[in-house]
Amino acid sequence: MNRRYRKTVIAGNWKMNKTAAEARTLIDELKPLIAKVKWCDIVLCVPFVDIPAAIKAAKGSKIAIGAQNVHFEKSGAYTGEISAEMLAGLGVKYVIIGHSERRQFFLETDDTVNKKVVSALEAGLRPIICVGESLEQRDQNVTLDQIRLQVKIALKGISAKELKKVIFAYEPIWAIGTGRTATCEQANEVCDNIRACLREIYGARAARSVTIQYGGSMNAKNAKDLLAQEDIDGGLIGGASLKANDFSQIIDAANQ
Ligand code: PEP
């Protein structure tokens with residue numbers, strides 16, 4: 001973390017978990033645990049159908065609500081999809097874009113990620129753009145090439161002003177939901193590389209203010225060391241965001 005230049009952001013990704021009633025319960029449990037948090041922004045990215053209940057439950061707290069996906073068109077014949085404007089209209093502030101599960105199971109590409117980033121920003125949402133390599137790519141020593149490609153395509157047509165709203169999440173695919181975490185050095189190396197890529201496109205000033213999270217089996221035990229790295233400005237947390245206690249311990253580590 002480097003709070004001189006950028007915000008620390010801890011975001012939970014609930015994936016396809018929790019009914020609206022369960023969402024209310026978890027947020028009610030979490031609120032008193034994070035009441036004194038000062039140095040870190042807190043986001044919960046919940047299933048679409050939980051959004052109204054989550055926004056109501058989080059009212060008056062530090063918790064902002066995010067979505068886990070968005071469609072890139074504003075409206076039209078896209079059965080089952082949700083637009084950025086619809087999310088913003090509900091009071092959603094953030095949206096995860098290009099999570100590896102969406103790339104893997106729903107065939108999202110770098111190009112659709114870019115279109116979604118554009119539409120999220122137009123609607124006033126802050127995109128959390130996920131990038132990451134497979135184990136095979138890491139073994140073949142092409143991690144940094146893969147990440148640069150994802151970052152550059154995701155930001156096609158995005159101005160330096162718009163970049164201020166963008167968050168990146170470095171999520172090595174082999175670390176998501178596996179209990180296997182990247183080492184602090186591995187994670188920081190890639191986050192540093194993302195920032196170097198941003199520097200090339202937008203210049204040093206713009207690049208140094210972008211929040212770059214690490215995601216991949218982050219938990220109460222490893223959060224402190226990961227967050228102590230210069231270029232890791234927060235976390236995108238799956239499993240450990242499903243329990244108020246576990247999640248609040250990660251938030252505490254980020255609030256130091
Ligand atoms: C994620 O889903 O973005 C994630 C990082 O999951 P987990 O923390 O469970 O590895």
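Residues numbered from 1 in each chain as written. Predicted model: local features only at pLDDT ≥ 70, side-chain atom pairs only at ≥ 80, totals over all residues. Heavy atoms only, no water.

Caption draft 1: Focus on the sheet that holds strand β5 (residues 126-131). One closed barrel accounts for 8 strands, arranged β1-β2-β3-β4-β5-β6-β7-β8; its pairing is parallel. On average, each strand axis in the sheet is tilted by 25 degrees relative to the strand beside it, whichever way the strands run. Taken together, the 2 bridges between strand β7 (residues 211-215) and strand β8 (residues 234-237) define a ladder with parallel strand orientation. Looking at β8, one finds that Gly215 is bridged to Leu236. (Pairing = 2+ DSSP bridges. Helix = DSSP H or I, 4+ residues; strand = E, 2+ residues; numbered from the N terminus. Axes fitted to C-alpha atoms, helices over the stretch in contact; angles between N-to-C directions.)

Caption draft 2: Representation of the site of the ligand in the model. Taken together, 14 residues lie near the ligand, and Lys15, Glu171, Gly177, Ser217 and Gly238 sit nearest. One of the side-chain N or O atoms of His99 is found 2.9 Å from an oxygen atom in the ligand. Within the side chain of Glu171, an N or O atom sits 2.7 Å from an oxygen atom of the ligand. Protein chains shield 95% of the accessible area of the ligand, which is 290 Å² for the free molecule. Looking at the shell around the ligand residue by residue, the classes come out as 4 nonpolar, 8 polar and 2 charged. (Near = heavy atom within 4 Å. Polar contact = N/O pair within 3.5 Å; in protein donor to acceptor, adjacent residues only side chain to side chain. Areas by Shrake-Rupley, 256 points an atom, 1.4 Å probe, with all protein chains shown as cover. Nonpolar A, V, L, I, M, F, W, Y, C, P; charged D, E, K, R; others polar.)

Caption draft 3: Expanded view of the packing of aromatic side chains. Applying the stated criterion across every chain, the model contains 1 aromatic pair. Against the face of Phe106 rests Arg102, its NZ or CZ located 4.2 Å from the ring centre. One Lys or Arg, Lys115, reaches over the ring of Phe72 and ends 4.8 Å from the middle of that ring. (Phe/Tyr/Trp six-rings, centres within 6.5 Å; stacked < 30°, edge-to-face > 60°. Lys NZ or Arg CZ within 6 Å of the ring centre and 35° of its normal.)

Caption draft 4: Fine view of the packing of helix α1 (residues 20-33) against helix α2 (residues 51-58). Between α1 and α2, the least distance of the axes is 9 Å, while the angle of their chain directions is 20 degrees. One way to sum up the angle between α1 and α2 is to call them roughly parallel. Read as a crossing pair, α1 and α2 show a hand that is right-handed. Listed contacts from α2 to Ala20, Arg24, Ile27, Asp28 and Lys31 of α1 are Ala53, Ala54, Ala57 and Ala58. Here the residues of the contact of α1 with α2 are counted per class, giving 6 nonpolar, no polar and 3 charged. (Parallel < 35°, antiparallel > 145°, perpendicular 65-115°, else oblique. Left-handed = near helix turned anticlockwise from the far one by under 90°. Contact = heavy atoms within 4.5 Å.)

Caption draft 5: A look at unusual backbone geometry. Not every positive phi belongs to a glycine, and Lys15 is a case in point at roughly 55 degrees. Relative to the helices and strands, Lys15 is located in the loop between β1 (8-13) and α1. Not every positive phi belongs to a glycine, and Asn141 is a case in point at roughly 65 degrees. Position of Asn141 relative to the elements: it lies in the loop between α6 (135-139) and α7 (143-154). For Asn141, a relative accessible area of 65% puts it in the exposed group. (Buried < 20%, exposed > 50% of the residue type's maximum accessible area, 1.4 Å probe, protein only.)

Caption draft 6: Quick peek at the pairing of strand β3 (residues 63-67). Among the 5 residues in β3, 5 count as buried, and that is most of the element. Sheet analysis places strand β2 (residues 40-45) next to β3, joined by 4 bridges and oriented parallel. Bridge pairing links Ile42 to Ile63 in β3. Crossover connection from β2 via α2 to parallel β3: handedness right-handed. Pairing of β3 with strand β4 (residues 94-97) involves 2 bridges; the strand directions are parallel. The partner of Ala67 across the bridge, within β4, is Val95. Handedness of the crossover joining β3 and β4 through helix α3 (residues 84-90): right-handed. (Right-handed = clockwise from strand over helix to strand, strands pointing away.)

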